[in-house]
Amino acid sequence: MTPCNEFFLQVALYKSVPTRLLSRAWGRLNQVELPTWLRKPVYNLYIWTFGVNMKEAAVEDLHHYRNLSEFFRRKLKPQARPVCCVHSVISPSDGKILNFGQVKNCEVEQVKGVTYSLESFLGPRVSTEDLPFSEAPSGNSFQQQLVTKEGNELYHCVIYLAPGDYHCFHSPTDWRVSHRRHFPGSLMSVNPGVARWIKELFCHNERVVLTGDWKHGFFSLTAVGATNVGSIRIYFDQDLHTNSPRYSKGSYNDFSFISNNNKEGIPMRKGEHLGEFNLGSTIVLIFEAPKDFKFHLKAGQKIRFGEALGSL
């Protein structure tokens, strides 16, 4: 067998692993209440393995966390993550910067040199009824249709949350969320090593796409699920249920936050609590901004919620 054929066989075998079933089983295990005497050794093992800083936790006493799920979703002390007031876009979470920059040729890099289709990732253009701005001419490319203001560009930023990171995510700027699209899908690992291995990994995995607008036009935040992270929670969206036992491949579910009673959608302030994962995963920001928008990042750097991503 040639090295190329062997590589494709390995990828096919990995994709055949029932990661959704395993993630649901892991989720149930996480909910099992641990005996008080067992909590400290179990959590200390996790802390040692993944380098968790418990001094930042709102509750440092390990006996407080009844199960693994509560420990994973622990809150931070209010002063642990000051929100940058100077820059227009902040990091929505702790994590590692995998990639960032301008979107080019309707494709986005999940890691350096490995791309995925912008339209496959976000899905078809949302109806103009769900958006506070007009739609671009249909003859334009998908990327051009997302850019609503002349002279603007489309930008992206990918943040990987490791298992030891703070698992909640927050609003990266002041914006309005008008629409949610949920893609049931695989739950393959989003570890950077796997992301280099499987093209369009983020398009295969379950994800929740929130779209809306900020002062410069289109804005979106996507929470991408991963192995053992079947549960993606959006705090203001009680109708969202992820990692269901059955789904149709390639399907998605749409929900509009725009209604006759609510013409504005869901207003979010920079730094406001937005949602959480049950373990490490990935956040992808795709947004419109003027051409002089600058990222203050380096690929591969560690970042914490509240720190600057970029500004004008």
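Quick caveat: nothing in here was measured; it's all calculated off a predicted structure.

Colleague: Mind showing me how you'd approach the sheet that holds strand β15 (residues 294-295) here?
Modeller: Hydrogen bonding along the main chain pairs the strands of a sheet, whether they run parallel or antiparallel. Spatial ordering of the open sheet is given by β1-β17-β15, a layout of three strands whose pairing is antiparallel. The open sheet is flanked by β1 (89-90) and β15, the only strands paired with a single partner.

Colleague: How should the sheet that holds strand β13 (residues 273-277) be read in this particular structure?
Modeller: The three strands lie next to each other as β6-β13-β10, forming an open sheet whose pairing is antiparallel. Since the sheet does not close on itself, it has two edges, and those belong to β6 (168-170) and β10 (232-234), each with one partner. For this sheet, the mean inter-axis angle between neighbouring strands, taken without regard to orientation, is 20°. In this structure, β6 lies alongside β13, joined through three bridges in antiparallel fashion. Bridge pairing in β13 links histidine 170 to histidine 273.

Colleague: How should I be thinking about the nonpolar core in this particular structure?
Modeller: The tendency in soluble globular proteins is for nonpolar side chains to be buried side by side. By size, the foremost hydrophobic cluster in this structure holds 32 residues, and its most contacted members are Phe169, Trp175, Ile283, Leu285, Phe287 and Leu309. Sorting the residues of this core by element identifies β5 (152-160), β7 (175-183), β8 (207-214), β9 (217-224), β10, β12 (266-268), β13 and β14 (282-290) as the ones contributing at least two each. The biggest single contributor to this core is β14, with four residues. Sequence-distant contacts of tryptophan 175, that is, excluding residues within four places in its chain, are made with Leu210, Thr211, Gly212, Asp213, Trp214, Phe219, Ser220, Leu221, Ile266, Pro267 and Met268. Counting 19 residues, the second-largest nonpolar core is a separate cluster that includes Leu118, Val147, Phe218 and Val224.

Colleague: Can you help me understand the UniProt feature "active site" (unreviewed entry) in the protein in this one?
Modeller: The UniProt record marks Asp94, His170 and Ser281 with the feature "active site" (unreviewed entry), using the residue numbering of this structure. These residues run over 188 residues, yet every pair of their C-alpha atoms falls within 14.2 Å of each other. Relative to the helices and strands, histidine 170 is located in strand β6. Histidine 170 sits in the buried class, given a relative accessible area of 2%. Once residues lying within four places of it in the same chain are set aside, the contact partners of histidine 170 are Pro92, Leu221, Gly271, Glu272, His273, Leu274 and Phe305.

Colleague: What am I meant to see in the UniProt feature "modified residue: Pyruvic acid (Ser)" (unreviewed entry) in the protein here?
Modeller: The sites that UniProt annotates as "modified residue: Pyruvic acid (Ser)" (unreviewed entry) are Ser281. Residue position: serine 281 is located in the loop between β13 and β14. Serine 281 gets classed as buried once you look at its relative accessible area, which sits at 0%.

Colleague: Help me out: how do you make sense of the side chain of glutamate 288 in this one?
Modeller: Structurally, glutamate 288 is set in strand β14. For the buried residue glutamate 288, which engages in no salt bridge, the nearest side chain bearing the opposite charge is lysine 149, 6.4 Å off. A distance of 2.8 Å separates a polar atom in the side chain of glutamate 288 from the backbone nitrogen of lysine 149. For glutamate 288, the side chain forms a polar contact with the side chain of asparagine 152, separated by 3.0 Å. The contact partners of glutamate 288, leaving out residues within four places of it in the chain, are Leu146, Val147, Thr148, Lys149, Asn152, Glu153, Leu154, Trp214, His216, Gly217 and Phe218.

Colleague: Could you clarify how one ought to interpret unusual backbone geometry in this entry?
Modeller: Located in the positive-phi region is asparagine 105, a residue other than glycine, with phi close to 55°. By secondary structure assignment, the location of asparagine 105 is in the loop between β2 (95-102) and β3 (107-111). Asparagine 105 gets classed as exposed once you look at its relative accessible area, which sits at 72%. Within the chain, cysteine 106 stands out as a residue other than glycine whose phi angle is a positive 60°. Tracing the sequence through the fold places cysteine 106 in the loop between β2 and β3. For cysteine 106, a relative accessible area of 24% translates into the label partly exposed.

Colleague: Any chance you could explain the side chain of glutamine 143 here in plain terms?
Modeller: Relative to the assigned elements, glutamine 143 resides in helix α6 (residues 142-146). A distance of 2.8 Å separates a polar side-chain atom of glutamine 143 from the backbone nitrogen of cysteine 106. Dropping the residues within four chain positions of it, glutamine 143 is found in contact with Val103, Lys104, Asn105, Cys106, Leu118 and Leu154.

Calculation notes
Residues numbered from 1 in each chain as written. Predicted model: local features only at pLDDT ≥ 70, side-chain atom pairs only at ≥ 80, totals over all residues. Heavy atoms only, no water. Pairing = 2+ DSSP bridges. Helix = DSSP H or I, 4+ residues; strand = E, 2+ residues; numbered from the N terminus. Axes fitted to C-alpha atoms, helices over the stretch in contact; angles between N-to-C directions. Core = buried A, V, L, I, M, F, W, Y, C linked by side-chain atoms within 4.5 Å. Buried < 20%, exposed > 50% of the residue type's maximum accessible area, 1.4 Å probe, protein only. Contact = heavy atoms within 4.5 Å. UniProt positions renumbered as here; feature names shortened; annotations may be inferred. Lys, Arg positive; Asp, Glu negative; His and termini not counted. Salt bridge = Lys/Arg side-chain N within 4 Å of Asp/Glu carboxyl O. Polar contact = N/O pair within 3.5 Å; in protein donor to acceptor, adjacent residues only side chain to side chain.

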